[in-house]
Amino acid sequence: MFEYALSVIIFLPILTGLALLLFPLRGGVARAVGFIVSVIILFIGIELFLGFNGKSGMEYTEFHQWIPSLGVNYALGIDGISLLVMVAATFLFPMVFSIFKTRTKGFYGNLLLAQGAMLGAICSTDLILFYVFWEIMLLPIFFMIGIYGGDKRLSATLKLTIYTIAGSLLMLAAIIYVGTSYHEQFGKWSFNIADLQALSLSGGFAITAFLMFMVAFAIKIPLFPFHTWLPDGYTEAPTATTFILSAIMAKIGVYGVIRFVIPVFEVEFTRFAILFSLLGIAGMLYCGLAAIAQKDIKRLLAFSSASHMGIIALGVFCMNVQALSGCLFQIMAHATSTGVLFLFVGLMEERLGTRNIDDLGGIAYRAPIFATFFAIAMLASVGLPGTSGFIGEFLIILGAIKFNAFIGFLAGTTLIIGVCYMLWMFQRVFFEKGKERTESFADLNGMEILTFVPVILLIIGMGIFPQTFLEKIEPTAQQHVAQLTAVSASQIADTTVQNPGHTNHKN
Amino acid sequence: MIQDYLILSVILFCLGILGVISRRNVFTVFMSIELMLNAANLAFITFSRVHESMDGHVMAMMIMAVAAAEAALALAVVILLHKHKGKLDTNVFSLLKG
Amino acid sequence: MEQTANYLGLIPLLPLTGALVIGLLHMLTCTKKPLPEKLYSVLACIGPLLSFFMALVVLFQLKNMAPEDRFLSHIPFTWFAVGELHVDMGFLADPLSSLMLVFVTFIGSLIHIYSIGYMAGEENYGKYFAYLNLFLGAMLILVLGNGPVVMFVGWEGVGLCSYLLISFYTKDTDNVLAGNKAFIVNRIGDLGFVLGMSFLFWAIGSTGFDFLSLRENAHLLTPGIGFAICLLLFVGACGKSAQIPLYVWLPDAMAGPTPVSALIHAATMVTAGVYMVARFSFIYSHFPSAGTIIAWVGILTALLAAIFGMFQKDIKKILAYSTVSQLGYMFAGVGVAAYSAGIFHVFTHAFFKALLFLGAGSVIYALHHQQNIWKMGGLKAKMPITYATMLIGALALSGCPPFSGFFSKDEILFMALANGHPGIWFIGVLVAGMTAYYTFRMMFLVFHGEARDKQAYDQAHEPPAVMTVPLIILAAGAALVGVFNLPGIFGGSMSVSNWLAPSLVEHHPHVSIWLEIMAIAASIAAVVIGITIAYKKFGHGAEEPEFTGFAKLGYHKFYVDEIYNAAIIQPYKAIGSLISRFFEPNVTDLHVKFSTWLYTKSGKAFKVFQVGYVRIYAIYMVIGLSVMSFFLSQSIN
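Keep in mind the model is a prediction, meaning the values are calculated, not measured.

### Considering the overall build of chain B
Here's step 1: Scanning chain B from terminus to terminus reveals three helices and zero strands.
Here's step 2: Taking 98 residues into account, the globule formula puts the C-alpha radius of gyration at 13 Å, and chain B, at 16 Å, lies well above it.
Here's step 3: The principal-axis extent of the C-alpha atoms belonging to chain B is close to 50 × 25 × 20 Å.
Here's step 4: Counting across all 98 residues of chain B, residues that qualify as buried make up 14%.
Here's step 5: Contacts in chain B between residues far apart in sequence, at least 24 positions, make up 45% of those at least 6 positions apart.

Below you can see the structure in the form of structure tokens.
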């Protein structure tokens, strides 16, 4: 029954989105259409998640030839790595449609396009196909920020777009290198990730290509010091877009590293892992410290999101199964906590017309439900046990300690740094004396409660029953790590065997 | 024999280029372009004779038709330009200056 | 070896359900018409009371088993499992946790009942009980957790509730700041806990990450790692149990309602660190050097807090510092490997400190939120029950025989001496004298002498029965629970120590009876001296002195808060704004700035070619074509 499910969740939103852009409709109608489509996709996503049996292979695969002469295929599939990213991308969109009511049809159309492209990037198992979706993903984001963003939207959009495209072009070059290397070594063309695993690359070119890939993904994640587009981009974007950027698009960067970089560049990855994990830590500390000085809640959350992404990225570079599973789990957890916080800020902005922390205060007295939901998402974001955030962070810290005790210690400081700025912000926004502006703050209405309750339940559910998710991703993570350690170990063994040989030869 | 034709074609073409480069009146520039087209036509016909193929003729006819169409368009553009600025001096039209 | 008891999970679940129900009710109705307080009171007390009865069931079930088999476990489901890591959401009741379980639920229930009276008429009545129930649930998870990770759930949960309840009166910024401070300082400790837990896992946890498996593998720990684990876990304990250097949050935590101070910041949560060290006694007993560090940190904390306590004028601050000081004793106890003595002090301290706090709460309640002891006086006549019960508590806290505090404190000091730490013993005795002094300074100033604030004095009255009955029950406990662990010299048989023996790894040294008598005599002498000085100075009324010299330093707590503020908090904020004002726009963004600069500059440079005249472009074209044709002709030839 789910033979073409992946194609459906990719192209249904893309086609509907295009249709919304083409036909003259009112914003309300477009929103309704978008909501229905995203709910359909949500149900397919749930079915896919439940039907996924997690035996470490690709499931729901689809395969059609696309450009046979170059070995480029339309190949889709889901495994433990992409499962939770896919789930995040299908679960969270209906919320956007149900909360933000006052946008035009262009906005809703672009949202759907973004969803389709993101799902495409997540489900692709062919490098070229991935690249195509990866680039398409940027277009709706570009329009959404550029047209519907805040006051300084133009510079923010340009910075984001050029930054990302620069990275993508490096990646394209690296993809071509990988493809030609495959052709050289095996005499045929293929960009399928399963084939590319067999590739053995070495030398300066391989390192360059590896770094090009990494820069592209590091920009998207964003990894320190490539994060500088993020504060402006997140702040200026309309909240729905910020939510998508933070909750899903950033995760596709991490996902890309796991899916495409690790299997192809095992040796280079192992060699550079310590460097990149330090970058992750640096980003975590740097953005966490920067967050404390922000006056705009959205900007604070932008830095907080970047800070957490540093930890998530660290999980990839630790190269053990705990950290990798933690990272994959945290992808979903972070989407439901920090991502959802962005939505709350959006609601606040719609109601009060300001995001400035100094103008707010005492919201908890006016809106207890809102404050409670916000607090739960916030606590998940600082990793309180019993919420989704703890499991991921704990696994990553645990893995990091095995990888390198010092890095593990630094990773642990996220426990303190996160809580500092979050509590300080929470105090000034929700507690203290109410301000004039917040006197008339309306609590969540029925529809909004209905929208957020599933996420709140998910946050707590993922904290109490994480095994439901972990058991599906763990085999793939296990296999990935095993492959990585095996290949890099054999490579190291090779070089140690070869080196004496060389010296003998010279003698 | 054939070289003579070609040399004539080259001379005509160079004259055309010189006209385009050095003259400032839009009409003169336009006529210089026509001259270059005709230089090309001459070369086509010449090669057509040399290779004993009708392709060159076809191209020549084609170029004439294009030239005619171009003349129609270009004259319209010239009229608009004149309406716009009241002059036909190409130095007036320098919007592309960086 | 261990039996299953499928109701263990219910014990924390009951208060948690209560918290959920009350919380939902409160959340949905608080902006409209609040629900009647009776409803909340009943809902709030069901969970703790039921848990208490189940705790008794657990205790008796354990009692009926052979001493070395006293382990009950309940594993509802696998929490998470990745690779070698396998963590069950599991609960374990052994003698140690059952003891904690009983007194936590008992005192918890009493304080719930007391709160009905204390909080009557307050805004956010429902919220208060939701948080209190949530706290109890988290504390029970902490106590019952069958492994470090489950324990950590409760560990952080109680931290959260402590934050929520300290900043309960959220309209006042200071309260919220105190809550933030508590949460953040606790988190610093939690970092130590998480790191210690992770090291422990990689060292010996791969065959099972619960206490019983860890205990079996504890001998595999290598000295370096084991020592590091001990210290890291102790950092966690420092945060939760307010030891140097992380004790600063506890005095500020008195911003919360007084019953909260009694339950969380005196009787239960703050003792979690001691409980944790005792839980890990199978590791700590392998590393006596780590234990010595803990003991010294503990006794120095006791000394420091006692110094601060002598000069405070806020009744709750005095009790807070006495709590810090007593916690120091407990750590001195577990540090010198006298785990059962430490835990027994946790047990007795819970009674008399909860009693003192609740008594202080009654006084504050009667005086309409007056907390300055220099504004009180002579309340003995107005509040006889409160006075009598608090006197028992004060005697127990000072360590007067035969009240409970005497036996537990003395056991710790004696064990320190017996295990070869005379320095710790000496400071301990000194602190005992100081404790007696400041406790009775408070008692005399509050209850004896003349009333200093006549108007408040006239309005003061004994609180309602719902508040006095818990006081009386706790007073009975504070007076009597010492008999549970009577040492041989008083004709007892150390029943609590024997009961705890299967859970702990400790050795009882044999020392001469004369040493024991000497130790007891010394601490009794210290207590008597302390009380006498207090009576001389404050027994017949005294005026508030102007603090000078050392007293001023003590009153201002050696300016530790100010030093922390200047050395840590301000630099932290400064770095934050430095990053966001300077680094982010100017340094980190440099590569972007550079490339835009490059583009602009090169654009400007190439601009000269863009003259705007079509014929000049035609010249470029001609030149380009010429060059191209030239190279083309070259290559053809």
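### As for the overall build of chain A
Here's step 1: For chain A, the helix and strand inventory stands at 21 helices and two strands.
Here's step 2: Overall, chain A is about 85 × 50 × 45 Å in size when its C-alpha atoms are taken along their principal axes.
Here's step 3: Across the 507 residues of chain A, 60% fall into the buried class.
Here's step 4: A sequence separation of at least 24 residues applies to 82% of the contacts in chain A between residues at least 6 apart.

### Some details on the pairing of strand 3 (residues 85–93) of chain C
Regular strands have side chains that alternate between both faces of the sheet.
Residues and elements named next belong to chain C.
Here's step 1: The buried count for strand 3 comes to eight of nine residues, which makes it a mostly enclosed element.
Here's step 2: In this sheet, strand 3 lies alongside strand 2 (residues 72–82) in antiparallel orientation, the contact comprising eight bridges. Looking across to strand 3, one finds that Leu-72 is bridged to Ala-93.
Here's step 3: The hairpin turn running from strand 2 into strand 3, its antiparallel successor, is two residues long, and Gly-83 in that turn takes a positive phi close to 60°.

### Regarding the interface of chain A and chain C
Here's step 1: With 47 residues of chain A in contact, the opposing surface of chain C contributes 43 residues.
Here's step 2: Looking at the side of chain A that touches chain C, the elements with two or more residues in it are helix 12 (266–291), helix 14 (321–352), helix 16 (368–381), helix 17 (388–403), helix 18 (405–412), helix 19 (414–430) and helix 21 (467–506) of chain A.
Here's step 3: Each residue belonging to the side of chain A that touches chain C can be placed in one class, and the counts come to 30 nonpolar, 12 polar and five charged.

### Some words on the interface of chain C and chain B
Here's step 1: Contact residues are listed per partner, giving 10 residues for chain C and 10 residues for chain B.
Here's step 2: Looking at side-chain class alone, the side of chain C that touches chain B contains six nonpolar, two polar and two charged residues.

### Remarks on the sheet that holds strand 2 of chain C
Here's step 1: The three strands are arranged 1-2-3 (chain C) in an open sheet whose pairing can be described as mixed. Edge positions in the open sheet fall to strand 1 (3–4) and strand 3 of chain C, since each of these has one partner strand only.

### Description of the nonpolar core
Here's step 1: Membership of the largest hydrophobic core comes to 429 residues, with the highest contact counts inside it found for Leu-84, Ala-88, Met-118 and Val-261 of chain A together with Phe-135 and Ala-354 of chain C.
Here's step 2: If near-sequence neighbours (up to four positions away) are discounted, Met-118 of chain A is found in contact with Ala-89, Met-137, Ile-248, Met-249 and Ile-252 of chain A.
Here's step 3: Ile-17, Val-20, Val-26 and Phe-30 of chain B belong to the second-largest nonpolar core, a separate cluster that totals five residues.

### Concerning the confidence of the model for chain A
Here's step 1: Of all residues in chain A, 96% attain a pLDDT of 70 or more, and the chain-wide mean is 88.
Here's step 2: In the predicted structure, residues 498–507 of chain A sits below a pLDDT of 50 and forms zero contacts with residues beyond four places in sequence or in another chain.

### Details of the environment of Gly-393 of chain C
All names here are of chain C.
Here's step 1: With respect to the helices, strands and loops of the structure, Gly-393 is situated in helix 17 (residues 384–398).
Here's step 2: By the C-beta count within 10 Å, which is 32 here, Gly-393 ends up buried.
Here's step 3: When the C-alpha positions of Gly-393 and Leu-356 are compared, they lie 5.7 Å apart, and in sequence the two are 37 residues distant.
Here's step 4: Aside from chain neighbours lying at most four places away, what touches Gly-393 is Phe-352, Leu-355, Leu-356, Gly-359, Ala-475 and Ala-478.

### Topic: the environment of Thr-241 of chain A
Residues and elements named next belong to chain A.
Here's step 1: Tracing the backbone shows Thr-241 in helix 11 (residues 239–264).
Here's step 2: For the pair Thr-241 and Ala-114, spaced 127 residues apart in sequence, the C-alpha separation works out to 9.5 Å.
Here's step 3: The residues touching Thr-241, leaving out its near neighbours within four places in the chain, are Ile-141, Met-144 and Ile-145.

### Concerning the confidence of the model for chain B
For any part of a model where pLDDT is low, the fine detail of the predicted coordinates should not be relied upon.
Here's step 1: On average, chain B scores 90 in pLDDT, and the residues at 70 or more come to 99%.
Here's step 2: Here the prediction assigns the complex a pTM of 0.89, and the interface score ipTM is 0.91.

### A look at the arrangement of the chains
Here's step 1: Counting contacts across all two pairs of chains that touch, the top pair turns out to be chains A and C.
Here's step 2: These two, chain A and chain B, are apart from each other, with no contact and a minimum C-alpha gap of 22 Å.

### Examining the pairing of strand 1 (residues 59–67) of chain A
All names here are of chain A.
Here's step 1: Two elements, strand 1 and strand 2 (residues 72–78), share six bridges in a ladder whose sense is antiparallel. Paired with Ile-67 across the two strands is Val-72, which belongs to strand 2.
Here's step 2: In sequence, strand 1 turns back onto strand 2 through a hairpin of four residues, with Gly-71 there showing a positive phi of about 70°.

### Considerations on the environment of Phe-201 of chain C
Here's step 1: Along the chain, Phe-201 of chain C turns up in helix 6 (residues 173–204).
Here's step 2: The exposure class assigned to Phe-201 of chain C is buried, which follows from the 23 C-beta atoms found within 10 Å.
Here's step 3: C-alpha separation for the pair Phe-201 of chain C and Leu-85 of chain C, spaced 116 residues apart in sequence, amounts to 8.0 Å.
Here's step 4: With sequence-adjacent residues up to four places away left out, Phe-201 of chain C is seen in contact with Leu-398 of chain A together with Leu-85 and Phe-209 of chain C.

### A closer look at unusual backbone geometry
Here's step 1: A cis amide bond, omega -10°, links Ile-221 of chain A with the succeeding residue Pro-222 of chain A.
Here's step 2: Counting through the fold element by element, Pro-222 of chain A comes out in the loop between helix 9 (204–220) and helix 10 (229–236).
Here's step 3: Following Ile-244 of chain C, the chain continues into Pro-245 of chain C via a peptide bond in cis, with omega recorded as 0°.
Here's step 4: Among the structural elements, Pro-245 of chain C can be located in the loop between helix 8 (223–241) and helix 9 (249–252).
Here's step 5: Although it is not a glycine, Asn-124 of chain C adopts a positive phi angle of roughly 60°.
Here's step 6: By secondary structure assignment, the location of Asn-124 of chain C is in the loop between helix 3 (95–118) and helix 4 (125–144).
Here's step 7: In the Ramachandran plot, Phe-558 of chain C falls in the positive-phi region, its phi being about 55° despite a non-glycine side chain.
Here's step 8: Relative to the helices and strands, Phe-558 of chain C is located in the loop between helix 24 (549–555) and helix 25 (560–588).

### Notes on helix 7 (residues 153–186) of chain A
Structurally, the α-helix is built with 3.6 residues per turn, so residues lying three or four positions apart point the same way.
Here's step 1: With 34 residues, helix 7 of chain A should reach 50 Å at 1.5 Å per residue; the first-to-last C-alpha distance of 48 Å fits that figure.
Here's step 2: Immediately beyond the C-terminal end of helix 7 of chain A, within one or two residues, lies Gly-187 of chain A, with a positive phi of roughly 75°.

### Some points on the packing of helix 18 (residues 404–418) of chain C against helix 23 (residues 513–538) of chain C
Between two packed helices, the angle of one axis relative to the other and the distance separating the axes together describe the packing.
Residue and element names in this part refer to chain C.
Here's step 1: The interhelical angle for the contact between helix 18 and helix 23, taken along N-to-C directions, is 130°, at an axis separation of 10 Å. Judged by the inter-axis angle, helix 18 sits oblique to helix 23. Where helix 18 crosses over helix 23, the handedness of that crossing is right-handed. Facing Asp-410, Leu-413, Phe-414 and Leu-417 of helix 18, the residues of helix 23 in contact are Leu-515, Glu-516, Ala-519, Ile-520 and Ser-523.
Here's step 2: When its residues are assigned to classes, the contact of helix 18 with helix 23 shows six nonpolar, one polar and two charged.

Calculation notes
Residues numbered from 1 in each chain as written. Chains lettered and ligands numbered in written order. Predicted model: local features only at pLDDT ≥ 70, side-chain atom pairs only at ≥ 80, totals over all residues. Helix = DSSP H or I, 4+ residues; strand = E, 2+ residues; numbered from the N terminus. Rg over C-alpha atoms; globule rule 2.2 N^0.38 Å. Buried ≥ 20, exposed ≤ 12 C-beta atoms within 10 Å, placed from the backbone. Contact = placed C-beta atoms within 7 Å. Pairing = 2+ DSSP bridges. Nonpolar A, V, L, I, M, F, W, Y, C, P; charged D, E, K, R; others polar. Core = buried A, V, L, I, M, F, W, Y, C linked by C-beta atoms within 7 Å. pLDDT = per-residue confidence, 0-100. Expected span 1.5 Å × (residues − 1). Axes fitted to C-alpha atoms, helices over the stretch in contact; angles between N-to-C directions. Parallel < 35°, antiparallel > 145°, perpendicular 65-115°, else oblique. Left-handed = near helix turned anticlockwise from the far one by under 90°.

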